[in-house]
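Structural description and commentary
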Amino acid sequence: MEELMHFDFKGLVIILMSAVFVNNYVLQRFLGICPFLGVSKKLDQATGMSIAVIFVMLLATAVTWPIQYYLLDPNDLGYMQTIVFILVIAALVQLVEIVLKKYVPSLHAALGVYLPLITTNCAVLGVTILNITENYDFAASMINSLGSGLGFFLAMVLFSGVRSRMEGGDTPEAFKGLPITLVAASIVSISFFGFAGVIEHLFS
Amino acid sequence: MNKLKILTKGFIKENPVLVLVLGTCPTLAVSTQASNAIGMGLAATVVLLCSNIAISALRKVIPDKVRIPCYIVLIAGFVTIVQMLIKAFAPELDEQLGIYLPLIVVNCIILGRAEMFANKNTVLDSALDGIGMGIGFTLALFVMATIREILGSGTWLGMEIPVLIDNNISIMTLAPGGFFVFGCLIALVNKISKGKTIRKDDFSCRGCPSAAACGKLKSAEGGEGSEA
C-alpha cells in the first residue's frame, strides 16, 4: 500500500503536460484527424465529441491495461493485442451507450450521438497501444490517457474557433472546403511548437 | 462495370486519399519519408486485398446487424498477420511505422471499402477494387512523401539532392508540413479536375463507415444515437 501511495508525482505531471501540449494527439501525432476535421465546425459539437473521447479513452485504458498485463502477457498472447484491444473498445462503447441510455438519459442525449463515432477513432486505440509500448504503469497510463484526451479537447476547441473565423474569409476557389481547413490546421500545429521547451524545464 | 474500370478507378478518379479523403491519419503521419510511404502503402494494400476478399466471400453469411464488428475482427486478424510478417522480415520498417502499423485496423479506407464495395460485389470484383484502392493509397502517400522528403530533408529514397540537402526546410517533415502539403495537394486535385471530383463543401464522409452517425449529428441535434 505504501508503495502505491508513494508514486512519482513529478513524473505524472510531466506525462500529463507533455500529453496535452507537446505530443498533442491531433496536431503532433496525427491521431483522430477524422473527427478533428469533421466535427470541429461548431463549438458545442466539438466540446461534446471531446468529452466523449476523454471518457472512452479513460475507460478503455482502465480495461485494456489489466488485460495486457494479467491476461495476454502471462499466456504469451502478446500478438493478440490489436484484435483484443479493438474488440474491447468496440464492446465498451456499445456498453456505455446502453448504460447511459437506460440510467442517465440526459447525458445520453448530450453524448450519445458521438459515441458510435469513437469506435473507429484511431486516437482511442492509439492511446491504449501507446500506453503498453511506452511501458507505463497503471497510474501513468491513466494519466497519459487523461492528458491525451485533454489534448484532443484543447485542439478541437481551439480549432473550432479558428474555423468560425475562417467562414467569412475569401478563399481561392480550389482551396474552398477541406484544403483551407488543412492549411489552417498546419498553422495551429505550428503554434504548439512553442510548448516544446516548457515541459522539459518544468521542474528545473 | 467492367473489370479494368474497377481496378483503375482507385488510382486517380476515386483516389481514396485525395478524392474520397479516407485514411487521413496514416497519410499525414507516415509521409515523412518516401520509403516509409511505400512500406505503409503496401502493408495497407495487403490488408485491404485480404479483407475485401474475405468480406465479399462471407457477405451472405454475416448478419447485417453485426456486420461492423465482424468486419473489424476480420480486418484486425489480417493486420496482425501483416504486423508479424513485417516484424520478422523488415524490422527497420516496423520501427519506422511504429504505432501506425496496428492502427491500420481503424484506417477508414479498409472499413470504408468493406462497407461501400465488398459487401455488395463478387469476390473477383472486390479483389480488384482492393488492389486498385491500395495502389491509389500507396500512390498518394508516395507523392506526398516525395514532396515532404525532398523539401524537408533534401533526400529522396536514400539519394541526396545536391542543393536542397544544405538548404532543407525541416518544418516540412514535421507535423505542420504534413497538414500543409496535404491541403495543397487536395487543392491541386480540385483545380485540375475543376470541381469534377466529388464536391467537398463539407468534409467528405461518403466512404466513412460511421457516416450514418455523423450525418445524424449534422442534421439533428440531441437526437438518439444509434449503432453505426
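Residues numbered from 1 in each chain as written. Chains lettered and ligands numbered in written order. Predicted model: local features only at pLDDT ≥ 70, side-chain atom pairs only at ≥ 80, totals over all residues. Heavy atoms only, no water.

Let's shift gears to the overall build of chain B. Along the backbone of chain B there are nine helices and two strands. When the helices and strands of chain B are listed from N to C terminus, the series reads α-α-α-α-α-α-α-β-β-α-α. Out of the 228 residues belonging to chain B, those deemed buried represent 53%. Put simply, 72% of the contacts in chain B that link residues at least 6 apart link residues at least 24 apart. (Helix = DSSP H or I, 4+ residues; strand = E, 2+ residues; numbered from the N terminus. Buried < 20%, exposed > 50% of the residue type's maximum accessible area, 1.4 Å probe, protein only. Contact = heavy atoms within 4.5 Å.)

Our focus in this paragraph is the nonpolar core. In terms of nonpolar packing, the biggest core is built from 107 residues, with Phe36(A), Met49(A) and Leu125(A) touching the most fellow members. Setting aside chain neighbours within four positions, we find Phe36(A) in contact with Val26(A), Leu27(A), Ala155(A), Met156(A), Phe159(A), Arg163(A) and Ala185(A). (Core = buried A, V, L, I, M, F, W, Y, C linked by side-chain atoms within 4.5 Å.)

Further remarks concern the pattern of salt bridges. Residues and elements named next belong to chain B. The final tally for this structure, using the stated rule, is five salt bridges over all chains. Of the charged contacts, one joins Lys3 and Asp125 as a salt bridge, the two residues approaching to 2.8 Å between their closest N and O atoms. Note that Lys3 is positioned in helix H1 (residues 3-8) and Asp125 in helix H7 (residues 123-153), a separation of 122 residues in sequence. Linking Asp129 and Lys9 is a salt bridge whose minimum nitrogen-to-oxygen distance equals 2.8 Å. Placement of the pair is Asp129 in helix H7 and Lys9 in the loop between H1 and helix H2 (24-30), with a sequence separation of 120 residues. In terms of burial, Asp129 and Lys9 fall into one category: buried. Through salt bridges that share partners, Lys9, Arg113 and Asp129 make up one connected network. (Salt bridge = Lys/Arg side-chain N within 4 Å of Asp/Glu carboxyl O.)

Turning our attention to the interface of chain B and chain A. Frequently, the measure chosen for interface size is the accessible area removed from exposure when the parts meet. Residue-level contacts link 51 residues of chain B with 50 residues of chain A. Contact between chain B and chain A buries roughly 4400 Å² in total, counting both sides, with carbon and sulfur atoms accounting for 76%. Linking chain B to chain A there are zero salt bridges. The element that contributes the greatest number of residues to the side of chain B that touches chain A is helix H8 (residues 175-193) of chain B, accounting for 11 residues. In terms of residue class, the side of chain B that touches chain A is built from 31 nonpolar, 11 polar and nine charged. (Buried area = accessible area lost by both parts, 1.4 Å probe. Nonpolar A, V, L, I, M, F, W, Y, C, P; charged D, E, K, R; others polar.)

The next subject is the packing of aromatic side chains. In the structure shown here, the tally under the stated rule is eight aromatic pairs over all chains. Ring plane angle 70 degrees and centroid distance 5.5 Å describe the contact between Phe192(A) and Phe195(A), whose orientation is recorded as edge-to-face. Looking at Phe192(A), the relative accessible area reads 3%, which means it is buried. Taking the centre distance of 6.1 Å and the plane angle of 55 degrees together, the rings of Phe142(B) and Trp156(B) count as tilted. Taken together, the residues Phe142(B) in helix H7 and Trp156(B) in strand E1 (residues 155-156) connect sequence positions 14 residues apart. (Phe/Tyr/Trp six-rings, centres within 6.5 Å; stacked < 30°, edge-to-face > 60°.)

All names here are of chain A. You can see Met166 is positioned in helix H9 (residues 138-166). Look at Met166 and you get partly exposed, because its relative accessible area is 23%. In sequence terms Met166 and Thr181 are 15 residues apart; their C-alpha atoms lie 8.5 Å from each other. For Met166, the contacting residues outside a window of four places in its chain are Ile180, Thr181 and Ala184.

Shape descriptors only; they carry no functional weight alone.
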